Amino acid sequence: MTRLESFDGSAWPPPLVPSEQARATEALEAGQILYFPALAFTIEPEERRFLADGWSAAVKNISFDPARGTLGGTKAEGEDAAGLTRLMSRYAQASQKLIEAVIPNYRGQIEMARTSFRPVEIAGRTSSPRHDDTKLHVDAFPSRPTAGRRILRVFSNIDPNGQARQWRVGAPFASTARQFYQRLPRPVPGSALAHAMLGLTKGRRRDYDHYMLKLHDAMKRDVSYQQDSGVEAIAFPAGSSWIVFTDQVAHAATAGRHALEQTFHLDPVQMKHPERSPLRVLEDLAGRRLA
Ligand SMILES: [Fe+2]
């Protein structure tokens, strides 16, 4: 069984009929990847220069904060920085329109977070084990606690040379959480407040954030889990786009370059099936509230 739920259409956003929107909502919340093989995000002629080497100052990503209009991780200055800002801002807006067209229930409920442009080839990139995104993991970020809110991401492969973006996708969240939960260290009382006061986290880390971070690390460290035969390899071709809850779907990006990504947050109560959220799954395992 594939983890991809596919949809036709090359117009952005694709005009889905209500039955397709219902299929998309069920699939996404069940941990499927909504896949649009023919939905390309168009790079304008004056933006093609950003697909050349040399714009990235960081190891992985150029980032954009749509709320502030600020760029990070790039050497671009002046007119170039303005052009890159336009490109990423355009992607942020297009991603919002895409989600609203595909899952009308989330309209007005999703909160726009960072945009990233990933120009660097993944294969052969070196990073510490914790930052190695070629290992299966669910997303959780040490400095940005979500307090149980979902991490919903839109990706587009914009590689000008036609190179696919290669992912591996692991078992469903509930079974993985059950597999790992008992060996995750318990939260230390007071440490979340200390992290917040020291400015290490943006907002206070909840027990939910603690468990998600520990789960993220434990998954990446577990050699036998990484080799599990239940893993599906997926190639997202250039000119395709996909939507996925990356806090729920175990994923590893193993090769590819030139992707755009937009993050949104969503309160699990806005889901059609809140009980499928990582928050609720972990709370069931813990037997108490975690956020
Ligand atoms: Fe990730």
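Preceding this section is the structure that the text describes.
These figures come from a predicted structure and were not determined experimentally.

**Let's talk about the overall build of the protein chain**
(1) Moving on: In terms of helices and strands, the protein chain carries seven helices and 11 strands.
(2) Moving on: Taking 19 Å as the expected radius of gyration for a compact globule of 291 residues, we find that the protein chain reaches 19 Å, a close match to that expectation.
(3) Moving on: Once the C-alpha set of the protein chain is aligned to its principal axes, its extents read approximately 55 × 45 × 40 Å.
(4) Moving on: A burial count over the protein chain gives 49% of its 291 residues as buried.
(5) Moving on: Long-range pairs, those at least 24 residues apart, make up 84% of the contacts in the protein chain with a sequence separation of at least 6.
(6) Moving on: Here the protein chain displays about 13,200 Å² of accessible surface, and carbon together with sulfur accounts for 52% of that area.
(7) Moving on: Averaging the coordinates of the 38 positive side-chain charges in the protein chain and doing the same for the 32 negative ones gives two points 5 Å apart.

**Considering the sheet that holds strand β11 (residues 259-266)**
(1) Moving on: As summarised here, the arrangement of the eight strands in space is β1-β2-β9-β6-β11-β5-β3-β4, forming an open sheet in which the pairing is mixed. Each end of this open sheet is capped by a strand with a single partner; those strands are β1 (4-6) and β4 (70-72). Strand-to-strand twist in this sheet, taken as the mean axis angle between neighbours without regard to direction, amounts to 20°.
(2) Moving on: With three bridges joining them, strand β3 (residues 62-65) and β4 adopt antiparallel strand pairing. Residue pairing across strands places Asp65 opposite Thr70, the latter belonging to β4.

**A word on the coordination of the iron ion**
(1) Moving on: Taken together, the protein donors to the iron ion comprise His137 (NE2), Asp139 (OD) and His251 (NE2), at separations of 2.1 to 2.2 Å.
(2) Moving on: Within one chain, the residues serving as donors to the iron ion are arranged as H-x1-D-x111-H. Here His137 is found in the loop between β5 (111-118) and β6 (150-157), whereas its partner His251 is found in strand β10 (residues 251-255), with 114 residues between them in sequence. Judged on exposure class, the residue His137 and its partner His251 are both buried.

**Quick word on empty space enclosed by the protein**
(1) Moving on: Using the criterion set out here, one finds one cavity of 30 Å³ or more in the structure.
(2) Moving on: Considering only enclosed or pocket space, the largest cavity measures out at about 90 Å³ in volume.
(3) Moving on: In this structure, the largest cavity is lined by 13 residues; those nearest its centre are Ala140, Phe141, Thr146, Asp209 and Met212.
(4) Moving on: In terms of residue count, the dominant contributor to the lining of the largest cavity is helix α5 (residues 207-221) (four residues).
(5) Moving on: In terms of residue class, the lining of the largest cavity is made up of seven nonpolar, one polar and five charged.

**A closer look at the side chain of His273**
(1) Moving on: Looking at where His273 falls in the secondary structure, it is placed in the loop between β11 and α7 (278-286).
(2) Moving on: His273 gets classed as buried once you look at its relative accessible area, which sits at 15%.
(3) Moving on: In this structure, His273 is in contact with Glu26 and Glu29, ignoring residues within four places of it in sequence.

**What about the environment of Ala113?**
(1) Moving on: Structurally, Ala113 can be placed in strand β5.
(2) Moving on: Using a relative accessible area of 16% as the deciding quantity, one classes Ala113 as buried.
(3) Moving on: Between the C-alpha atom of Ala113 and that of Ser224, which follows or precedes it by 111 residues, the distance is 34 Å.
(4) Moving on: With near-sequence residues (within four places) excluded, Ala113 lies in contact with Pro66, Gln262, Thr263, Phe264 and His265.

**Description of the nonpolar core**
For soluble globular proteins, the rule of thumb is that nonpolar side chains tend to be buried together.
(1) Moving on: Judged by nonpolar contacts, the single largest core of 38 residues is most densely connected at Leu34, Val102, Tyr106, Phe117, Leu152 and Ile243.
(2) Moving on: At the level of elements, α1 (18-29), β2 (33-36), β3, α2 (78-102), β6, β9 (241-245) and β11 are the ones that each hand at least two residues to this core.
(3) Moving on: It is α2 that contributes the most residues to this core, nine residues altogether.
(4) Moving on: In contact with Leu34, other than residues within four places in its own chain, are Glu5, Phe7, Ala24, Ala27, Leu28, Val102, Ile103, Ser241, Trp242 and Ile243.
(5) Moving on: With 23 residues, the next largest nonpolar core counts Ala177, Leu184, Val281 and Leu290 among its residues.

**Overview of the environment of Asp247**
(1) Moving on: Looking at the secondary structure, you find Asp247 in the loop between β9 and β10.
(2) Moving on: Linking Asp247 and Gln226, residues 21 residues apart in sequence, is a C-alpha distance of 17 Å.
(3) Moving on: Look past the residues within four positions of Asp247 in its chain and what remains in contact with it is Val138, Asp139, Arg149, Arg150, Ile151, Phe173, Tyr208, Met212 and Pro278.
(4) Moving on: There is a polar contact of 2.8 Å between the side chain of Asp247 and the side chain of Arg150.

**A few points about the packing of helix α3 (residues 173-181) against α5**
Two quantities define a packed helix pair, namely the angle between the axes and the distance from one axis to the other.
(1) Moving on: The N-to-C vectors of α3 and α5 enclose an angle of 85°; their axes lie 11 Å apart at closest approach. Considering the angle they form, α3 stands roughly perpendicular to α5. Each of Phe173, Thr176, Phe180 and Tyr181 in α3 lies in contact with α5, whose residues at this interface are Tyr211, Met212, Leu215, Ala218 and Met219.
(2) Moving on: For the contact of α3 with α5, the residue count by class is eight nonpolar, one polar and no charged.

What counts and what doesn't
- Residues numbered from 1 in each chain as written.
- Predicted model: local features only at pLDDT ≥ 70, side-chain atom pairs only at ≥ 80, totals over all residues.
- Heavy atoms only, no water.
- Helix = DSSP H or I, 4+ residues; strand = E, 2+ residues; numbered from the N terminus.
- Rg over C-alpha atoms; globule rule 2.2 N^0.38 Å.
- Buried < 20%, exposed > 50% of the residue type's maximum accessible area, 1.4 Å probe, protein only.
- Contact = heavy atoms within 4.5 Å.
- Areas by Shrake-Rupley, 256 points an atom, 1.4 Å probe, with all protein chains shown as cover.
- Lys, Arg positive; Asp, Glu negative; His and termini not counted.
- Charge placed at Lys NZ, Arg CZ, Asp CG, Glu CD.
- Pairing = 2+ DSSP bridges.
- Axes fitted to C-alpha atoms, helices over the stretch in contact; angles between N-to-C directions.
- Donors = N, O, S within 2.8 Å, 3.2 Å for Na, K, Ca; no water.
- 1 Å grid on protein atoms, 1.4 Å probe; cavity = no way out; pocket = protein on both sides within 12 Å on 5 of 7 lines; lining within 4 Å.
- Points joined across faces, edges and corners; volume = space filled by probe spheres on them.
- Nonpolar A, V, L, I, M, F, W, Y, C, P; charged D, E, K, R; others polar.
- Core = buried A, V, L, I, M, F, W, Y, C linked by side-chain atoms within 4.5 Å.
- Polar contact = N/O pair within 3.5 Å; in protein donor to acceptor, adjacent residues only side chain to side chain.
- Parallel < 35°, antiparallel > 145°, perpendicular 65-115°, else oblique.

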